[in-house]
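# Architecture at a glance
Next come the chains, spelled out residue by residue.
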Amino acid sequence: MLRALRAFFDARHRDFATRVIVITGAGRGFCAGLDLKAGPEQGPWQPGVGPVQDSLTFQEDIADLMVKMRECPQALIAAVNGPATGGGLSIALACDMRIGTAAARFACSYLNLGLGGADVGSSYFLPKIVGMAHAADMLYSGRIVDAQEAREMGLLTRIVEPDDLLPAALAIAEGIVRKASPLGLRLTKQVLNETVNGISLQAALKLENRNQILASQTQDAREARQAWFEKRDPAWRDA
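Now for a description of the structure that goes with this document. Quick caveat: nothing in here was measured; it's all calculated off a predicted structure. (Residues numbered from 1 in each chain as written. Predicted model: local features only at pLDDT ≥ 70, side-chain atom pairs only at ≥ 80, totals over all residues. Heavy atoms only, no water.)

For any two helices packed against each other, the geometry is given by the interaxial angle and the distance between the axes. For the pair helix α1 (residues 2-11) and helix α2 (residues 51-71), interaxial distance at closest approach is 10 Å and the crossing angle is 35°. Between α1 and α2 lies a crossing whose hand is left-handed. Along the contact surface, α1 presents Leu 2, Leu 5, Arg 6, Phe 9 and Asp 10, while α2 presents Phe 58, Asp 61, Ile 62, Asp 64, Leu 65, Lys 68 and Met 69. Taken together, the residues of the contact of α1 with α2 break down into seven nonpolar, no polar and five charged. (Axes fitted to C-alpha atoms, helices over the stretch in contact; angles between N-to-C directions. Helix = DSSP H or I, 4+ residues; strand = E, 2+ residues; numbered from the N terminus. Left-handed = near helix turned anticlockwise from the far one by under 90°. Contact = heavy atoms within 4.5 Å. Nonpolar A, V, L, I, M, F, W, Y, C, P; charged D, E, K, R; others polar.)

If you walk through the whole model with that rule in mind, you get one cavity of 30 Å³ or more. Estimated volume of the largest cavity: approximately 40 Å³. Along the walls of the largest cavity sit Asp 15, Phe 16, Thr 18, Arg 19, Pro 73, Gln 74, Pro 182, Leu 185 and Arg 186, which together make up its complete lining. Here the residues of the lining of the largest cavity are counted per class, giving four nonpolar, two polar and three charged. (1 Å grid on protein atoms, 1.4 Å probe; cavity = no way out; pocket = protein on both sides within 12 Å on 5 of 7 lines; lining within 4 Å. Points joined across faces, edges and corners; volume = space filled by probe spheres on them.)

In this section: the nonpolar core. Counting residues in each nonpolar core, the largest one holds 39 residues, and the members touching the most others are Phe 30, Met 69, Phe 106 and Met 138. Counting residues per element, the ones that place at least two in this core are α1, β1 (20-24), α2, β2 (75-80), α3 (87-93), α4 (122-130), α5 (132-141) and α6 (147-153). Counting residues in hydrophobic clusters, the runner-up holds 13 residues, among them Val 20, Ile 77, Val 160 and Ile 172. (Core = buried A, V, L, I, M, F, W, Y, C linked by side-chain atoms within 4.5 Å. Buried < 20%, exposed > 50% of the residue type's maximum accessible area, 1.4 Å probe, protein only.)

We now examine the packing of aromatic side chains. Applying the stated rule across the entire model yields three aromatic pairs. With a centroid separation of 5.1 Å and an interplanar angle of 85°, the aromatic rings of Phe 8 and Phe 9 are classed as edge-to-face. We classify Phe 8 as partly exposed; its relative accessible area is 34%. Residue Phe 9 is classed as buried on the basis of its relative accessible area, which comes to 1%. Positioned above the aromatic ring of Tyr 124 is the side chain of Lys 128, whose terminal nitrogen or guanidinium carbon lies 3.9 Å from the ring centre. (Phe/Tyr/Trp six-rings, centres within 6.5 Å; stacked < 30°, edge-to-face > 60°. Lys NZ or Arg CZ within 6 Å of the ring centre and 35° of its normal.)

So this is what it looks like as structure tokens:
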């Protein structure tokens, strides 16, 4: 699954037809993270090297998935249908927004397993999404956060019924596709990434200024203005 996800996000960089990606779990859970019961019978991740280097390569490849998710130009929506723990939590955190059902659960229990308390981006994403105190609570305690608490701390933006989860996520996606120009959406995610990473006000303003001038010169910008006056949705051409 890790290899497939890495390949999928690599392929999105020049995928101009896809503007929004919805990620959900195939079963009862969103993603429970690494299988702690899995043994050496799975074989090495990187054949031909020792166990330390093999483990480090595997760790780096999991972590690099979060980079690939943030660098892909599409908007990412996590539809959290159940537990999102460990690496699964980080996948949800790497998305731009998260909606879930009452069955959604979140945890990063690394400290309880004798490891460092943060892994594959959780120390980076969590404080930015829920604030320092909530992040410290989750990372230090390893406790499970239910859907309602996640909603209260901003980890989830919405809680819906199980049958409504994918329709709700797709409705958000369709609204973005309908209302946001393709170039404008890509530029917006780019500048959000830069500001979250930590840049000055002046640098953020320079990026916003660049984005506004680039987007304003497109055919889509002219179409959007015309659609605004005619009270209809724009017909985007990404041109």
